[in-house]
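# Close look at the chain arrangement
Take a look at the letters that make up each chain.
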Amino acid sequence: MVMPWPYPDFPFAGDGPAPDGEDVRLAALVAQRLSVDWTTRRQQITVTVQNRVVILAGLVADAETRRAAGELAWDVSGVFDVCNALRLHSGRRRGR
């Protein structure tokens, strides 16, 4: 699990609250779903969960992949909301 803003240090260190156990569980479940689905498994997606809200960040190949990632996150039981902040790759990959 990536620590949510504004607490970027992991393991937890700071004055704010420690990550909620349910948030950690949800982050693991969403990440697992994204890693096994053929549409999202090779994408650069970071999963963060804060107060049962899933935040998806990173780069994906196309709009269909972005939509699929959001739907996979919503399908995890216990998710309260999904913030799909995924961006699309701009242009072709160089050097491949």
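Whatever comes next refers back to the structure up there.
Because the structure is a prediction, the values reported are computed rather than measured. (Residues numbered from 1 in each chain as written. Predicted model: local features only at pLDDT ≥ 70, side-chain atom pairs only at ≥ 80, totals over all residues. Heavy atoms only, no water.)

### Some thoughts on the overall build of the protein chain
A tally of regular secondary structure across the protein chain gives two helices and three strands. Looking at the protein chain alone, contacts between residues at least 24 apart form 56% of all its contacts between residues at least 6 apart. Here the protein chain has roughly 6500 Å² of accessible surface; of this, 51% comes from carbon and sulfur atoms. (Helix = DSSP H or I, 4+ residues; strand = E, 2+ residues; numbered from the N terminus. Contact = heavy atoms within 4.5 Å. Areas by Shrake-Rupley, 256 points an atom, 1.4 Å probe, with all protein chains shown as cover.)

### Overview of the environment of Arg 33
By secondary structure assignment, the location of Arg 33 is in helix H1 (residues 21-36). In contact with Arg 33, other than residues within four places in its own chain, are Thr 40, Leu 72, Asp 75 and Val 76. Here the side chain of Arg 33 touches Asp 75 through a polar contact of 3.3 Å, landing on its backbone oxygen. (Polar contact = N/O pair within 3.5 Å; in protein donor to acceptor, adjacent residues only side chain to side chain.)

### Thoughts on the nonpolar core
The biggest cluster of nonpolar side chains holds 17 residues, and the ones touching the most others in it are Val 30, Leu 34, Ile 45, Val 47, Val 54 and Leu 56. Among the elements of the structure, H1, strand S1 (44-50), strand S2 (53-60), helix H2 (63-74) and strand S3 (81-88) are those that each provide at least two residues to this core. Counting residues per element, this core draws most heavily on H1, at four residues. (Core = buried A, V, L, I, M, F, W, Y, C linked by side-chain atoms within 4.5 Å. Buried < 20%, exposed > 50% of the residue type's maximum accessible area, 1.4 Å probe, protein only.)

### Here's the deal with unusual backbone geometry
At Asn 51, a residue that is not glycine, the phi angle is positive and equals roughly 55°. Positive phi is not limited to glycine here, since Arg 52 has a value of about 70°. Checked against the element boundaries, Arg 52 lands in the loop between S1 and S2. Among the residues examined, Arg 52 registers a relative accessible area of 32% and is labelled partly exposed.

### Some remarks on the environment of Val 82
With respect to the secondary-structure elements, Val 82 resides in strand S3. With 26 residues separating them along the chain, Val 82 and Leu 56 place their C-alpha atoms 7.6 Å apart. In this view, Val 82 contacts Val 54, Leu 56, Gly 70, Ala 73 and Trp 74; residues no more than four positions away in its chain are not counted.

### What about the pairing of S2?
One ladder, built from seven bridges, connects S1 with S2; its direction is antiparallel. Paired with Gln 50 across the strands is Val 53, a residue of S2. Taking the residues between adjacent antiparallel strands as the criterion, S1 and S2 are bridged by two residues, where Asn 51 takes a positive phi near 55°. Inspection of the sheet shows S2 paired to S3 by eight bridges, in the parallel sense. Pairing of Val 54 across the sheet is with Val 82, part of S3. As a crossover connection, the stretch from S2 through H2 into S3 is right-handed. (Pairing = 2+ DSSP bridges. Right-handed = clockwise from strand over helix to strand, strands pointing away.)

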